[in-house]
Amino acid sequence: MEKSKNLVLDVEESPKKLHEWLLFSIQHVLAMLVACITVPLLTGLPVAATIISAGIGTSIYILMTKGKSPVFLSSSFAYISPMISALAVGLIGGATGMNYLAVIIGMIFVGIVYCVFALIIKKVGTAWLNKILPPVVVGPVIMVIGLSLAGSAITNITSASVSNSPTYNWVALLSGLVALFATAIASHYGKKMIKLIPFVIGMGCGYIFAVVMTLIGYYGCGNSYFNVVDFSAFINIFSKENFGLASFINYKLFIPNDPESFIFLRFEEIAKFDWATIGTVALLFIPVSLVTMCEHIGDHENLGNIIDRDLLNNEPGMARTLSGDGIATAVSGVLCGAANTTYGENVAVIGMTRIASTNVVLAAAILSIVIGFFTPFTALLQTIPAAVTGGVSLILYGFIASSGVKMLINEKIDFNSQKNIFIASAILVSGIGGLAFKFGDPSSPVITITSVAVAMILGIVLNVILVDKKENNKENENNEVIDSIETK
C-alpha cells in the first residue's frame, strides 16, 4: 500500500533508531496511563494488573488485526458501574471481600458478545452498519467523545491530588498549564525529535514544576497550599516495614495463595456462585458491551480518517478489530484487570505526531507489561498529579473533538438539511449534557448506559426514522411558484 503523505511513519513502518522507538512508545504509555489507572482506583481492582492487562490486551489486538491497526487498548470507563456491582455479587453473609470471580465471568461474557458480532459481520459484511452509522452520526459522536471529557479535564487541572489541599488550587492549575503550554510549544516549534514527543515533554515539564513547588512551598515552608504532589505511594514501598524484593519487582501479583495476590484468591470463601448469580453478572456486562462496540466503531472511524485507511471495511476489517478487542477484554478479566476498550487519547497522539506505526504501539504494549511489574515505576506513576494530566488532556480531548469536525468537513455533510441538523443536535446536546439511561434504582443503578452511547443511539434512531425526502416534479413546480411570488 502506498504511504500516506500525511504521516511521518505509516502503519507498516518502524523508527530507524532504537531511542526514537522507545520515546514514541513512552508517549503512548503516558497518553493512556491516567485513564488506565483511574478505573481500577475507582473500582477497587489492582492497578498493576490493569496496566499489565492493557499491554497484553493491546498485543492480542495487534496480533488479531495482523498489525494493520495501530490501536492501544486500555481500561474502559463504561464498565465502572458493572465492575463495582459485580464485585459485590453473591457475597456470603457479612463477607467484606471483593468477588473478583464475578468480574472475570462478566468480562468473559463481553468477549463472547464481541466475537459473536464479529462472526456475524464476517458472514454478512458491514453494509448494514454503514447505513445506520453514516458520517453525520459518527462525526458528532466523535466530537462528543472528546467534549464529554472536558469536565473531567477541568476538574483535574484545578484540583490538588493531596487531601489536605484546597479544592480549587492555583498551584495545581499552574502545573497543568505548564504541561499544556509545553506540549503545544514542543509540537508547534519543536524540531526533529522534540516535535514528535510533545506529550512526554509536556507531562515532564508539568510534573517537574509541581514537584519543585511542593518541595519548596510545602516541605520547605510548611504551607499546605503548595502540597500538590503526594509522594506517599513511592515512599511506602521503601519503608522499613515493606522493603524487600517486592519493593522492586511486583512478583506477588499472580502467585497462588499469596494474600497479596488477586487472581488466585479463594473465591469460595467470600462468595457463592449459582446460575442465578451468573445470570445477574451477564445482565450487568452484556448491555454495556453493546454500547462499547459503538465507541469501538467511532474510534476506528476517527483513526481511519487520520491515517487515510478504512480500517473497518478494508484491512483489517471490523470482524478482526471486534474479535481482537473482545478477546483482549476477556483475557484482562482473567488477569483481574479492568475491561478494555479502544483509547481515543492514543488516537489523538497518532493524529498530532503523525506516527502511525503499529510496531511503536506494540512496543508501548510491551513497555506497559514491563512497568506493571516494576514496583517503583507504578508507585511513581501514582505520584503524578491529576492537574498535570489534566493540562495535557485539554489538548488531547480537544483534538478528539476536532477530528469529528474534520470528518464532517471532509465528507461534505450538508447542514442545510433539516435531517442532518436534527441528528447532529440530538447527539451533541445529549452527549455533552450527560444524558444517561439508568435501569433500576437511579441512585444505585444496576445498568447505566453512558452519555456517549446514548448520544450514538439517538443519532442512529433519528437517522433511521428521518428518511430523505425525494422531490417530485410537482414539488419543484410549487417551489418555483413560491420563488416567483417572493421575487415580486
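As shown above, the structure is provided for reference.
The model shown is predicted, which means the values in this text are computed figures rather than measured ones. (Residues numbered from 1 in each chain as written. Predicted model: local features only at pLDDT ≥ 70, side-chain atom pairs only at ≥ 80, totals over all residues. Heavy atoms only, no water.)

Structural notes on the environment of Val 144
You can see Val 144 is positioned in helix α6 (residues 135-147). Classification of Val 144 by relative accessible area gives buried; the value is 0%. Setting aside residues up to four positions removed in sequence, Val 144 forms contacts with Ile 427, Leu 428, Gly 431, Ile 432 and Val 452. (Helix = DSSP H or I, 4+ residues; strand = E, 2+ residues; numbered from the N terminus. Buried < 20%, exposed > 50% of the residue type's maximum accessible area, 1.4 Å probe, protein only. Contact = heavy atoms within 4.5 Å.)

Digging into helix α4 (residues 100-124)
An ideal rise of 1.5 Å per residue puts 36 Å on 25 residues; α4 measures up with 37 Å between its terminal C-alpha atoms. Count one or two residues on from α4 and you reach Gly 125, which has phi positive near 85°. (Expected span 1.5 Å × (residues − 1).)

Details of the pattern of salt bridges
Applying the stated criterion across every chain, the model contains three salt bridges. Between Glu 12 and Lys 68 there is a salt bridge, and its shortest N-O distance comes to 3.5 Å. Of this pair, Glu 12 sits in the segment before α1 (18-43) while Lys 68 is found in the loop between α2 (47-64) and β1 (73-75), placing the two residues 56 residues apart along the sequence. Of the residues examined, Glu 12 reaches a relative accessible area of 41% and is grouped as partly exposed. Where Glu 12 meets Arg 309, a salt bridge forms, and the shortest distance between an N and an O atom there is 2.7 Å. Of this pair, Glu 12 sits in the segment before α1 while Arg 309 sits in the loop between α12 (275-307) and α13 (318-334), and the two are 297 residues apart along the sequence. Bridged by salt links that share partners, the residues Asp 10, Glu 12, Lys 68 and Arg 309 form one connected network. (Salt bridge = Lys/Arg side-chain N within 4 Å of Asp/Glu carboxyl O.)

Regarding the side chain of Thr 214
On the secondary structure map, Thr 214 appears in helix α10 (residues 198-220). Looking at Thr 214, its side chain comes within polar contact range of the main-chain oxygen of Ala 210, at 2.9 Å. Excluding anything up to four places from it in sequence, Thr 214 contacts Tyr 219, Phe 226, Asn 227, Val 228, Val 229 and Phe 231. (Polar contact = N/O pair within 3.5 Å; in protein donor to acceptor, adjacent residues only side chain to side chain.)

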